[in-house]
Amino acid sequence: MPNTVPIVQIDDVSKRFVIRKEKSLKERLVNAGRSKQFKEDFWALRNVSLEIESGTTIGLIGPNGSGKSTLLKTIGGIIQPSSGSIQRRGRMAALLELGAGFHQDLTGRENVYLNASILGLSRKQTDLYFDDIVEFSGIKDFIDTQVKFYSSGMYVRLAFAVAVHVDPDLLLVDEVLAVGDEAFQRKCLDKIRSFQAEGRTIILVTHALGQVVEFCDRAVLLNRGEVAFDGVPHEAVRDFRDILEERRVDEAAAHAEKEHEDEPAPEGRVVDTVVFARGREIGEPIEPGDDIVVRATFEHPTGLDDWIAAIQIDSTMGTAVYGTASPRFENVHLGRLTSPRTIEFVIKDARFGTGRYFINTSLMDKEKRHLHDAVQIATFEVPYYPMSVGVVHAEPEMRDLGA
Ligand SMILES: Nc1ncnc2c1ncn2[C@@H]1O[C@H](COP(=O)(O)OP(=O)(O)OP(=O)(O)O)[C@@H](O)[C@H]1O
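A brief look at the structure comes next. (Residues numbered from 1 in each chain as written. Predicted model: local features only at pLDDT ≥ 70, side-chain atom pairs only at ≥ 80, totals over all residues.)

Looking at the sheet that holds strand β9 (residues 226-231)
And then number 1: Spatially, the six strands line up as an open sheet ordered β5-β6-β7-β3-β8-β9, and their pairing is mixed. Because the sheet does not close on itself, it has two edges, and the strands there are β5 (92-95) and β9. Ignoring which end each strand starts from, the neighbouring axes of this sheet average 15° apart.
And then number 2: The pairing of strand β6 (residues 170-173) with strand β7 (residues 201-205) spans four bridges and is classified as parallel. Counterpart to V173 in the pairing with β7 is L204.
And then number 3: Along the sheet, helix α2 (residues 68-75) contacts β3 (57-61), β6, β7 and β8 (218-223); its crossing angle with β7, the most-contacted strand, is approximately 150°. (Pairing = 2+ DSSP bridges. Helix = DSSP H or I, 4+ residues; strand = E, 2+ residues; numbered from the N terminus. Axes fitted to C-alpha atoms, helices over the stretch in contact; angles between N-to-C directions. Contact = placed C-beta atoms within 7 Å.)

What follows is the structure, given as structure tokens:
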């Protein structure tokens, strides 16, 4: 019979932090004599309940400040919940904060022994693993240096090396891995894969959404301290992108309002941009192979000759993945821009990978000076396709060429 007792059981956990804020001068004068500070309750986690089965890999995702690290630290026993309970079984190793668990004045070698003993290993057992730990960390030349002289990457290399060599049943990893260089990150991900194959349990906090889809059996999406989704990773990632998109739209609206108040009307502007797949509605997903239509409207209050319309498509990470501009199309002469003019770019047979993309539209003069950049003025989403990773969705072929 399969083991159905969860390795981690989280019941109705909430965590409150008390935030102390400096009072304004006015408040201090009004309440003369009282403390300079006032306190405010902040709920970093609200009524979180999760059962984590042994042998699974769970991704914790969510916007900045949504409570991911707090939840991981609560699972790790580093912080106590304000209410609710957490039960954990087995040996745990945790990589929570950069340098946490390391004693600054001790050398790397001394810290390995100290850390391993905290994680439950005897000196003899640590002797057995020591060479492997140093080998894995790749910082042999610095092992007898005090860790206060380590770079953040060196810290993480050593801490991860210890964590994976103490034979944990449960491994908790916060985003610390992101500070390692690419080669080390690869090595860590390989190690995580072998941990999965050995049936160990891993809980991972990450902003690398591709990793969540690639590695995790399940993903938990936190938003403002609450579980917003718990289930299939690519669905969690989709919901997460929707939350980010809602926030972006709100922030852009607030920013536009403020700009409107502060600044005079710009010298010409991008009025609007919409994006859709030819034959489908705005807002519907765009599939690989569709013709993508980007329709942008521009205006100039006093008139502008030989103007340039340009678009750029960015991934969620802000990387430009496509761009084009009107001078490329010699058959189209835009002439003079005054009252609103609408231009359409069609990207034929576009093959973007799964994910959300943003359109930036620019109005430029003939010297290519940017008169107005409308950043992230429109967005589209390419749905999830199994076994598809990255920003290109080209149809592959595979052949077995034998041994
Ligand atoms: N010790 C603390 N005292 C007061 N507030 C705290 C403390 N630790 C965390 N918080 C607050 O709790 C909220 C959740 O923080 P947490 O670090 O868990 O978020 P996160 O989802 O991991 O964010 P990020 O993606 O930015 O790492 C934040 O608003 C943070 O400011």
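What to know about the pairing of β7
And then number 1: Burial analysis of β7 places five of its five residues in the buried class, which makes it a mostly covered element.
And then number 2: Of the two faces of β7, the one carrying T201, I203 and V205 and the one carrying I202 and L204 are both buried.
And then number 3: The pairing of β3 with β7 spans four bridges and is classified as parallel. The partner of T57 across the bridge, within β7, is I202.
And then number 4: Chirality of the crossover, the property in question, places the unit of β6, helix α6 (residues 182-197) and β7 among those that are right-handed. (Buried ≥ 20, exposed ≤ 12 C-beta atoms within 10 Å, placed from the backbone. Right-handed = clockwise from strand over helix to strand, strands pointing away.)

A few points about the packing of helix α3 (residues 108-118) against helix α4 (residues 123-137)
How two helices pack is summed up by the angle between their axes together with the distance between the axes.
And then number 1: Look at α3 against α4: their axes get within 10 Å of each other, and the N-to-C directions meet at 125°. One finds that α3 runs oblique with respect to α4. For the pair α3 and α4, the crossing hand works out as right-handed. Along its contact with α3, which presents V112, Y113 and A116, the element α4 presents R123, T126, F130 and I133.
And then number 2: Looking at the contact of α3 with α4 residue by residue, the classes come out as five nonpolar, one polar and one charged. (Parallel < 35°, antiparallel > 145°, perpendicular 65-115°, else oblique. Left-handed = near helix turned anticlockwise from the far one by under 90°. Nonpolar A, V, L, I, M, F, W, Y, C, P; charged D, E, K, R; others polar.)

Focus: the nonpolar core
And then number 1: Membership of the largest hydrophobic core comes to 65 residues, with the highest contact counts inside it found for L60 and L172.
And then number 2: If you tally residues by element for this core, the top one is helix α5 (residues 152-165), at nine residues.
And then number 3: Contact partners of L60, with chain neighbours within four places excluded, come to K68, L71, L72, I203, L204, V205, V220 and L222.
And then number 4: Counting 28 residues, the second-largest nonpolar core is a separate cluster that includes V275, A350, Y357 and A374. (Core = buried A, V, L, I, M, F, W, Y, C linked by C-beta atoms within 7 Å.)

What about the environment of N47?
And then number 1: Along the chain, the position of N47 falls in strand β2 (residues 37-52).
And then number 2: Sequence separation between N47 and G225 is 178 residues; the distance between their C-alpha atoms is 8.4 Å.
And then number 3: Among residues more than four places away in sequence, those in contact with N47 are D12, S14 and E226.

Brief notes about the site of the ligand
And then number 1: Neighbouring the ligand are F17, I19, F42, A44, G62, N64, G65, S66, G67, K68, S69 and T70.
And then number 2: The set of elements that each furnish at least two residues to the shell around the ligand consists of β1 (8-22), β2 and α2.
And then number 3: Looking at which element gives the most residues to the shell around the ligand, the answer is α2, with three residues. (Near = placed C-beta within 6 Å.)

Comments concerning the packing of α4 against α5
And then number 1: Remark: α4 packs on α5, axes separated minimally by 8 Å, with the N-to-C direction vectors making an angle of 140°. Comparing the axis directions of α4 and α5 gives the class oblique. The handedness of the crossing between α4 and α5 is right-handed. Seen from α4, the contacting residues are Y129, D132, I133, F136 and S137; seen from α5, they are R157, L158, A161, V162 and H165.
And then number 2: Partitioned by chemical class, the residues of the contact of α4 with α5 number six nonpolar, two polar and two charged.

Concerning the sheet that holds strand β10 (residues 269-277)
And then number 1: Strand order in the open sheet made by the three strands is β10-β11-β16, with antiparallel pairing throughout. The outermost strands of the open sheet, each flanked by one partner alone, are β10 and β16 (341-350). Averaged over all pairs of adjacent strands, the angle between strand axes in this sheet comes to 15°, irrespective of strand direction.
And then number 2: The pairing of strand β11 (residues 290-299) with β16 spans eight bridges and is classified as antiparallel. Opposite I292, over in β16, you have I347 as the bridge partner.

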